[in-house]
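# Structure assessment
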Amino acid sequence: MFITHIKKLRKFDNSAITIVDIKGKIKYVDDRYTEISGYTPDELIDNTFNIIRDIKTPKYFYKQMWNLLKQNKEWEGIVKNKHKNGDGFLIKLRIIPFTNTNGETFMFGESRPISNHTRELEKLYYQPFDKLTGIHNREIMINDICQRSEKFFQIALFDIDNF
């Protein structure tokens with residue numbers, strides 16, 4: 001059903017492919033994706049990606065991603081997922097919205113695993129406090145503010161290098 005779209009949209013030969021409907025339900029996974037995630041197609045199909053979502057990833061991250069996709073725009077970035085055995089794994093993910101011949105909108109996801117040397121960066125990304133200042137890191141701070149605030153707000157962030 002999705003073979004022609006996969007051939008047209010795939011950028012890398014060794015990438016893992018997933019297809020999701022507009023409601024976020026997984027409709028297709030290839031063998032490469034099941035190999036990376038540890039899940040079988042039966043465990044993934046018709047579930048949302050919450051089954052593999054790493055709980056440390058802030059909810060606003062996915063909200064921003066879906067807002068862009070619903071505008072029919074491509075999204076690309078690094079995502080941490082949860083393997084079936086509970087371990088985390090990082091992927092470079094590219095998502096492209098497309099419409100099939102029946103007019104239904106789907107999201108084509110092409111992912112590639114990221115090598116082990118990136119795991120050190122991941123540790124820094126999820127480190128809750130800056131060792132020098134003792135202050136929450138930026139990602140955790142923004143996530144906390146987003147979860148606690150129900151009204152519009154503005155925030156200014158300054159990067160101070162070489163101080």
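Conventions and cut-offs
- Residues numbered from 1 in each chain as written.
- Predicted model: local features only at pLDDT ≥ 70, side-chain atom pairs only at ≥ 80, totals over all residues.
- Heavy atoms only, no water.
- Buried < 20%, exposed > 50% of the residue type's maximum accessible area, 1.4 Å probe, protein only.
- Helix = DSSP H or I, 4+ residues; strand = E, 2+ residues; numbered from the N terminus.
- Pairing = 2+ DSSP bridges.
- Salt bridge = Lys/Arg side-chain N within 4 Å of Asp/Glu carboxyl O.
- Core = buried A, V, L, I, M, F, W, Y, C linked by side-chain atoms within 4.5 Å.

## Structural notes on the pairing of strand E1 (residues 16-21)
Side-chain positions along a regular strand alternate between the two faces of the sheet. Summarising burial for E1: six of the six residues are buried, a large majority. Residues Ala-16, Thr-18 and Val-20 line one face of E1 and the alternating positions Ile-17, Ile-19 and Asp-21 line the opposite face, and both faces are buried. In the sheet, E1 pairs with strand E5 (residues 105-113) via six bridges, with the strands oriented antiparallel. Looking at the pairing, Asp-21 lines up with Phe-106 of E5. As paired strands, E1 and strand E2 (residues 26-29) are joined by three bridges and run antiparallel to one another. Counterpart to Thr-18 in the pairing with E2 is Val-29. Hairpin connection of E1 to E2: four residues between the antiparallel strands, including Gly-24 at a positive phi of 90°.

## What about the pattern of salt bridges?
This structure, assessed with the given rule, holds seven salt bridges. Between Asp-21 and Lys-27 there is a salt bridge, and its shortest N-O distance comes to 4.0 Å. Take Asp-21: its relative accessible area is 13%, and that puts it in the buried class. Under the relative-accessibility criterion, Lys-27 is labelled partly exposed at 30%. When salt bridges with common partners are traced through the structure, they connect Asp-21, Lys-27 and Asp-46 into a single cluster.

## Some remarks on the nonpolar core
Tyr-33, Leu-44, Trp-75, Val-79 and Ile-95 are the most contacted members of the largest nonpolar core, which totals 20 residues. Where this core is concerned, the elements lending two or more residues are E1, E2, helix H2 (31-37), helix H4 (59-70), strand E3 (75-82) and strand E4 (88-99). The next biggest cluster of nonpolar side chains, apart from the first, holds six residues, and it includes Ile-19, Ile-96, Phe-98 and Phe-108.

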